[in-house]
Amino acid sequence: MATPLQIPSEPAISAEHLVRRFGNFTAVNDISFRVGKGEIFGFLGPNGSGKTTVIKMLTGLLPLSGGDARIEGIDVRKDSEGVRERIGYMSQNFSLYYDLTVAENLQFYGRIYSLEPARLKRRIDEIVQLNGLTPYLNRLSSQLSGGWKQRLALGCAMLHEPKLLFLDEPTAGIDPVARRQLWDLLFELSGHGITFFVTTHYMDEAERCSHVAYIYFGKLIADGTPNSLRELPDVQPHGTLRVEITTPEVTRALSFARQIPGIRSATIFGQSIHALIDDHFNLDDLREQLLQKGIAVAEIRPLAPSLEDVFVELTYKHQSLLEAAND
Amino acid sequence: MTNIFRGFGAVFYKEALHVRRDAGTLFFSLTMPLLQMFLLGFAIDTNIRQINTVVYNADGRRESRELLDRLTNSDTFHIIRYVENDHDLNDMIIGGKARVGVKIPVDYSDRLLHNMSAQVLVLIDGSDSSVAGQAINVTTAIGLDESLRRVVQDRASFAVDMRPKLLFNPDSRSPNFFLPGLTAIMLLNVTTFLTAFSIVREKERGTLEQLFVTPVRPFGLLLGKLLPYLGIGFFELCLILLFMRFVFLVPIHGNVLLLGLLSLPYLFAALSLGILISSKANSQAEAMQLAFLPILPSVFFSGYIFPRETIPAILYPLSYFIPATYFINITRGIILRGATITHLWKDGLALCLIGAFLLIIAARRFHDKVIMA
């Protein structure tokens, strides 16, 4: 096998102007991003926005319609087999053979990657210990609960010691404890220099990533660390302030809040309203105005935008840009 | 490192595990053909005998009764009823109670005694062509024989004396003819169905997508999936042959080992067909329906039931693309005629080519299509 040129500072993933068309439909529209080694890269976006398509392009499952993708410095177009040797992939539905035992599943994936018997045995021991699968080795994988299936699937995907793992919605349908445990495991592994490419719908998971990107209808509209995204001018326009209004009557309060001049946008979050207001707006005035409408306000305090706020703002912005372009 | 069979060993071992885990399905798919063979072997008699016959004997004298005796003695006709008029005779045939109606006119004996030509009306229900054909042949033959007997007293002085001799199956035993062909159809059924599910199951499960991010190559995957079933198919062939030999007492004139050897390319072709179906289908239900498609052409265009010579010229080439055509030639050749490799190597080669062709198409589909689904 030709040893590809490896530059030490090479990012784990570099995608330049990725395009994928299905007939007239452009599923992925000129996307560029880089993922550094050891990062946990959260790739977010609504359903059907192109997340899985991007994963398939990067893993060599789908040919690129345009652009350039390199995994650990290897061109996906030129050496897809070389790419596959170096990556692990865990799909949404945990691709396990349910009529095989935990050990048999691991052995199968190990053989597929042509691990020689001694190394295969060592790797299975390591993974079983790391993932806590020891008590289940001889159990049929169909009998495992969701969380354990997911750990087994992750184990299968990392048998061949890939430096880069793609996890497509790894926590969909998993209970909160298993979810927390999986993330603890990801942090541990990332400490060993493994890069993760994770898609998710959960905003709290996005907050944990060291690097996030947001894709919206085939376009990448955000890319950076969670903190850098919070400070984007589109999210926190100059001269505005984000506040949390805690009130027992959120629904009524919301409809009034939206009528108050100086409040640019408002959304309900549980027992409170997150609002973007002009920063010369006095918080006491705001409380007064709400009280006049008969709404008891427990607390109003400044708030840093959450990643959800970030993506909501960016999506609105992008939508208005699209509408402007269409007019 | 371009090993186009990469992943073969791992897939082979895994498939074998699947088969072992699902022993119920395996048992079912192995015993069903034997059960069917048992039923068909006893039930189907390709020799037509004892055709229901209705007789209107308007004459009733000795000559006419002799003629009727000859008809019944041929074992082809079974007289179920005597009627007294034309209407009843017709009615029995229209009603499907009798397939053949014989009317002997009132002057039959008189004309014979005066050395005049006597006519007998034979009405035959043409709705089943093989029954009709047999009835025509036998009645014509009896008529000719009866005429000759009256003209030429000494039978030894016939100018031309045809002496037909049935080779290979002298007693015209139906199982001898029927079961070797049935073997081919049974094997086709078992193997196509077994493999038809093998890939589509992984497609539904999502494991196929997983396999495609591993370095496994299409040929490694397909052959790994195919070969365990080749073993099962071969085992099934052995069961069928034992059954045929010791339950139906069909003698095997040729070399059984050669039959075993030549069954491998047939199984390969049938399994490749199953794999192709599996790569085409998007669900197990679809695979099930597609797996039925090759059965009817294999039954009717392979020479299994109707001789290939009866196929119209434009459809005849079709029979060359049906694996069962070649394997039926092989089974009948070896079991009945004692044929050897010099007679049958072309059939073996044709099967290898068909199998390889189908497998390559299936592998190509993996590159182009399956991943997108």
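Since the structure is predicted, the reported quantities are computational estimates derived from the model, not experimental observations.

## Focus: the overall build of chain B
Scanning chain B from terminus to terminus reveals 14 helices and four strands. The C-alpha atoms of chain B give 28 Å as radius of gyration, which overshoots the globular expectation for 373 residues (21 Å, by more than 25%). Residues counted as buried form 46% of the 373 residues belonging to chain B. Intrachain contacts of chain B at a sequence separation of at least 6 include 79% that bridge at least 24 residues. About 19,000 Å² of surface is accessible on chain B, with carbon and sulfur atoms providing 64% of the total. Each charge class in chain B was averaged separately, 34 positive and 29 negative side chains, and the resulting centres sit 11 Å apart.

## Focus on the overall build of chain A
Tallying secondary structure elements over chain A gives 11 helices and 14 strands in all. Taken along its principal axes, the extent of the C-alpha atoms in chain A is 75 × 45 × 35 Å. Going through the 327 residues of chain A one by one, you find that 52% of them count as buried. The long-range share in chain A, meaning contacts at least 24 apart out of those at least 6 apart in sequence, stands at 69%.

## A look at helix H7 (residues 174–205) of chain B
Residue and element names in this part refer to chain B. Over its 32 residues, H7 extends 46 Å from the first C-alpha to the last, a length consistent with the 46 Å expected when each residue adds 1.5 Å. Counting buried positions along H7 gives 27 out of 32 residues, so the element sits mostly inside the fold. The positive-phi residue at the C-terminal boundary of H7 is Gly 206, with phi of around 90°.

## Things to note about the side chain of A:Ser49
Along the chain, A:Ser49 turns up in the loop between strand E3 (40–44) and helix H1 (51–58). There is a polar contact of 2.6 Å between the side chain of A:Ser49 and the backbone oxygen of A:Pro46.

## Re the sheet that holds strand E13 (residues 272–278) of chain A
All names here are of chain A. Strand order in the open sheet made by the four strands is E12-E13-E11-E14, with antiparallel pairing throughout. With partners counted over all chains shown, the strands left at the sheet margins are strand E12 (263–269) and strand E14 (299–302), one partner each. Strand-to-strand twist of the sheet, defined as the mean angle between neighbouring strand axes without regard to direction, takes the value 25°. Looking at chain direction, E12 and E13 are connected through six bridges and run antiparallel. Bridged to Ala 266 within E13 is Ala 275.

## Looking at the pattern of salt bridges
Residues and elements named next belong to chain A. Using the criterion set out here, one finds 41 salt bridges over all chains in the structure. Between Asp 68 and Arg 70 there is a salt bridge, with the nearest N and O atoms lying 3.8 Å from each other. Of the residues examined, Asp 68 reaches a relative accessible area of 25% and is grouped as partly exposed. Here Arg 123 ties to Glu 161 by a salt bridge, and the two come within 3.9 Å at their closest N and O atoms. Of this pair, Arg 123 sits in helix H4 (residues 117–131) while Glu 161 sits in the loop between helix H5 (146–158) and strand E7 (164–168), and the two are 38 residues apart along the sequence. Look at the salt bridges and you will find they share partners, linking Arg 119, Arg 122, Arg 123, Glu 126 and Glu 161 into a network.

## Here we look at the side chain of B:Thr139
All names here are of chain B. If you trace the backbone, Thr 139 turns up in helix H6 (residues 129–151). Looking at Thr 139, its side chain comes within polar contact range of the main-chain oxygen of Ile 136, at 3.1 Å. In this structure Thr 139 touches Leu 71, Phe 77 and Val 122, once residues within four positions along its chain are discounted.

## Describing the sheet that holds strand E1 (residues 51–57) of chain B
All names here are of chain B. Ordered in space as E2-E1-E3-E4, the four strands form an open sheet in which the pairing is mixed. In the strand order of this sheet, the two ends are held by strand E2 (77–82) and strand E4 (121–124), each with one partner. Taken pair by pair, the neighbouring strands of this sheet meet at an average axis angle of 25°, ignoring direction. Here E1 pairs with strand E3 (residues 100–104) via five bridges, running parallel.

## Description of the interface of chain B and chain A
Size of an interface, as often reported, equals the accessible area lost when the parts are brought together. Across the contact, 25 residues belong to chain B and 30 residues belong to chain A. Both faces considered, chain B and chain A share a buried interface measuring about 2,800 Å² in area, 57% of it formed by carbon and sulfur atoms. When the area that chain B buries against chain A is broken down by residue, the three leading residues are B:Arg205, B:Gln210 and B:Val213, summing to 23%. Among the salt bridges present, the one from A:Lys56 reaches B:Glu209, with a minimum N-O distance of 3.2 Å. Applying the counting rule to chain B against chain A returns 15 residue pairs in polar contact (both at pLDDT 80 or more). Looking at the side of chain B that touches chain A, the elements with two or more residues in it are helix H1 (8–21), H7 and helix H8 (207–212) of chain B. At seven residues, the largest contribution of residues to the side of chain B that touches chain A is made by H1(B).

## Side note on the confidence of the model for chain B
Per-chain confidence: chain B averages 88 in pLDDT, with 96% of residues scoring 70 or above. Here residues 369–373 of chain B is a poorly scored stretch, pLDDT under 50, and it has 13 contacts once near neighbours within four places are set aside; other chains count.

## Focus: the nonpolar core
What tends to happen in soluble globular proteins is that the nonpolar side chains get buried as a cluster. Counting 162 residues, the largest nonpolar core has A:Ile13, A:Phe33, A:Leu58, A:Phe166 and A:Phe197 as its most contacted members. No other element matches H7(B), which puts 15 residues into this core. When sequence neighbours within four positions are dropped, the list of residues in contact with A:Leu58 reads A:Ile13, A:Leu18, A:Phe33, A:Ala69, A:Ile71, A:Val76, A:Val83, A:Phe166 and A:Phe197. One finds A:Ile245, A:Ile273, A:Phe281 and A:Ile300 within the second-largest nonpolar core, a separate group that totals 18 residues.

## Quick word on the confidence of the model for chain A
Per-residue confidence for chain A averages 87 on the pLDDT scale, and 97% of its residues sit at or above 70. When mean pLDDT is compared element by element in chain A, helix H3 (residues 102–112) of chain A scores highest at 94, while helix H10 (residues 283–292) of chain A scores lowest at 83.

## A few points about the pairing of strand E10 (residues 219–224) of chain A
Residue and element names in this part refer to chain A. When strand E9 (residues 211–216) meets E10, the two strands line up antiparallel, connected through five bridges. Among the inter-strand pairings, Tyr 214 is bridged to a residue of E10, identified as Ala 222. Here E9 hands over to E10 after two residues, with Phe 217 in that stretch at a positive phi of 45°.

So, how was this worked out
Residues numbered from 1 in each chain as written. Chains lettered and ligands numbered in written order. Predicted model: local features only at pLDDT ≥ 70, side-chain atom pairs only at ≥ 80, totals over all residues. Heavy atoms only, no water. Helix = DSSP H or I, 4+ residues; strand = E, 2+ residues; numbered from the N terminus. Rg over C-alpha atoms; globule rule 2.2 N^0.38 Å. Buried < 20%, exposed > 50% of the residue type's maximum accessible area, 1.4 Å probe, protein only. Contact = heavy atoms within 4.5 Å. Areas by Shrake-Rupley, 256 points an atom, 1.4 Å probe, with all protein chains shown as cover. Lys, Arg positive; Asp, Glu negative; His and termini not counted. Charge placed at Lys NZ, Arg CZ, Asp CG, Glu CD. Expected span 1.5 Å × (residues − 1). Polar contact = N/O pair within 3.5 Å; in protein donor to acceptor, adjacent residues only side chain to side chain. Pairing = 2+ DSSP bridges. Axes fitted to C-alpha atoms, helices over the stretch in contact; angles between N-to-C directions. Salt bridge = Lys/Arg side-chain N within 4 Å of Asp/Glu carboxyl O. Buried area = accessible area lost by both parts, 1.4 Å probe. pLDDT = per-residue confidence, 0-100. Core = buried A, V, L, I, M, F, W, Y, C linked by side-chain atoms within 4.5 Å.

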